[in-house]
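# Examination of the molecular architecture
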Amino acid sequence: METESLNALLDDAELVLKYAVRAGRLPDDSLSNAITGVRAHLGAGGNGSLAQLSKAMSNAVAAIAPITLMDLRAGRSPFEKDAAGPSRQLQYWLCALTVFLAVLIAFYSFSVQRKEGALREYQEIRAANIPEKVDAVYRLAQQEEVRARKDPRYEQYQRALNEIQNLDARDQAAVNLLAEQSLAAEWPFQGQVHALIDWASGLLSHLPSSPAYDRISETPYADMCHSIQHSVTVSRPGKNSHSVWQQVVMQEELSHSCFKQMTGIKHGVDVETVALLYSTQIRDSVSLLSVWILPFLSGLLGATVFLLRDSLNPLTPNFGVPRAVVRLSLGGIAGIIIGWFWAPSGAIAAEVGRGSSIPLALAFVTGFSIDILYAALDRLRDAFTAARDPKSARR
């Protein structure tokens, strides 16, 4: 049994000695002397000194780090020609993956900025309280002496009307921007790919191609003046289908809507409904990008950069596909964990995703050095385990 252990240890010692000599990391000649002594003892029928060989092996293995004995036994030595070819191909694939991830991160980061800008503009318009300003101007317009006397109240009316018209123009632009961002491409070159597919299908079917999606160029506004006028007209002849108070309310609504149409104000309930629908969709999209997709891509990019940097060192072991896949998976998960800790509250739409560059940078750093995060998680697990076990806590 001791002879078998010595033979196995001799094989490992020769692997370490061969690599240490070629890499220039042999600390002294103790390992070679120990191997020679053990072989001489085995040739003479003895067992040799296992302790001396083990001590020399320990010193040599520490000197050849980061290469380990397991790497040498698995054939992952950088001097192995058979593993150099696949490792080089894996480097090319990692380079391509790095470029692809960088493009995705840039695309989604810019998309988040555009969506946040649309939400922030819409929030500013809502904070201006356009309906209240319209009601105030409408009450001024109902006073005939304001227009007849041209007193200071008329100047106030004109200033308020100009302010409302400017706000209404911004409101229309904000709603169009919300619609555009709600229908924006979900991945790079989506519109170009859809256009190419439609063009190809048009050639095959001899039909003109259709666009990938219809961009909303103008927000639909209902002609409330015409609709209310028609309702009031229908209700008057013959039997009264509406009570007196209903007639008064309808007349008031008709007058109010006609005032808005004559002054060119298009803000209304239908516009607000469409804007709220778009803003909800955009807020959900920003949360998904900020909490999940972008941190995952950043952690994946950090792990990819680590593998590329590690491959530049000629004294590191050749990394195969399994090791690269595991490292990339752990890097992506580490990025998602960082995104969880940086999840926005969502209380204010304008603050959704604000400062998203900080979690992205942390996700990249964590993906590059995943040992830091998982060591912290291990310590947290040990702390919970110690809290549950009173005996280990007392120790």
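Notes on the structure in this doc start here. Remember, it's a predicted structure, so these values are computed and weren't measured experimentally. (Residues numbered from 1 in each chain as written. Predicted model: local features only at pLDDT ≥ 70, side-chain atom pairs only at ≥ 80, totals over all residues. Heavy atoms only, no water.)

## Points about the packing of aromatic side chains
Rules: Whether two aromatic rings pair depends on their centres lying within 6.5 Å, for rings of Phe, Tyr and Trp, where Trp uses its six-membered ring; planes under 30 degrees apart make the pair stacked, over 60 edge-to-face, and the rest tilted. Elements are defined by DSSP. Helices are runs of H or I of four residues or more, strands are runs of E of two residues or more, and each kind is numbered from the N terminus. Residue exposure (1.4 Å probe, protein chains only): buried if accessible area is under 20% of the type maximum, exposed if over 50%, otherwise partly exposed.
Tallied over the full model, the rule gives 3 aromatic pairs. For the ring pair Trp292 and Trp340, a centre distance of 5.8 Å and an interplane angle of 75° mean the geometry is edge-to-face. Here Trp292, found in helix 12 (residues 269–312), pairs with Trp340, found in helix 13 (residues 321–341); they are 48 residues apart in sequence, far enough to count as distant. Trp292 gets classed as partly exposed once you look at its relative accessible area, which sits at 40%. Owing to a relative accessible area of 49%, Trp340 belongs among the partly exposed residues under this scheme. Pairing Phe306 with Phe368 gives two aromatic rings, centres 5.6 Å apart and planes at 85°, and the pair type is edge-to-face. Placement of the pair is Phe306 in helix 12 and Phe368 in helix 14 (residues 357–368), with a sequence separation of 62 residues. Judged by its relative accessible area of 18%, Phe306 is buried. On the accessibility criterion, Phe368 (26% relative accessible area) is partly exposed.

## A short note on the pattern of salt bridges
Operational definition: Criterion for a salt bridge: a side-chain nitrogen of Lys or Arg within 4 Å of a carboxyl oxygen of Asp or Glu.
Tallied over the entire structure, the rule returns 10 salt bridges. For Asp12, the salt bridge identified is with Arg73, shortest N-O distance 3.7 Å. You can see Asp12 sitting in helix 1 (residues 2–23) and its partner Arg73 sitting in helix 4 (residues 69–73), a full 61 residues away along the chain. Here Arg73 falls in the exposed class, since its relative accessible area comes to 55%. Between Glu14 and Arg39 there is a salt bridge, with its nearest N and O atoms 2.3 Å apart. Remark: Arg39 occurs in helix 2 (residues 30–43) and Glu14 occurs in helix 1; sequence separation between them is 25 residues. Overlapping salt bridges bring together Glu121, Glu124 and Arg170 as one network.

## Remarks on the packing of helix 6 (residues 130–141) against helix 11 (residues 244–263)
Let me state the cut-off plainly: To obtain an axis, a line is fitted to C-alpha atoms, over the contacting stretch when the element is a helix, and the angle between two such axes runs from 0 to 180 degrees between their N-to-C directions. Angles below 35 degrees are treated as roughly parallel, those above 145 as roughly antiparallel, those between 65 and 115 as roughly perpendicular, and all remaining angles as oblique. Whether two residues are in contact is decided by their heavy atoms: any pair within 4.5 Å suffices. Three categories are distinguished: nonpolar for Ala, Val, Leu, Ile, Met, Phe, Trp, Tyr, Cys and Pro, charged for Asp, Glu, Lys and Arg, and polar for the others, with Gly belonging to the last.
Following both chains from N to C, one finds helix 6 and helix 11 inclined at 100°, their axes separated by 11 Å at the closest point. On the basis of the axis angle, helix 6 is roughly perpendicular to helix 11. The segment helix 6 lies against helix 11, with Val134, Asp135, Val137, Tyr138 and Ala141 engaging Glu252, Ser255, His256, Phe259 and Lys260. Considering only residue class, the contact of helix 6 with helix 11 consists of 5 nonpolar, 2 polar and 3 charged.

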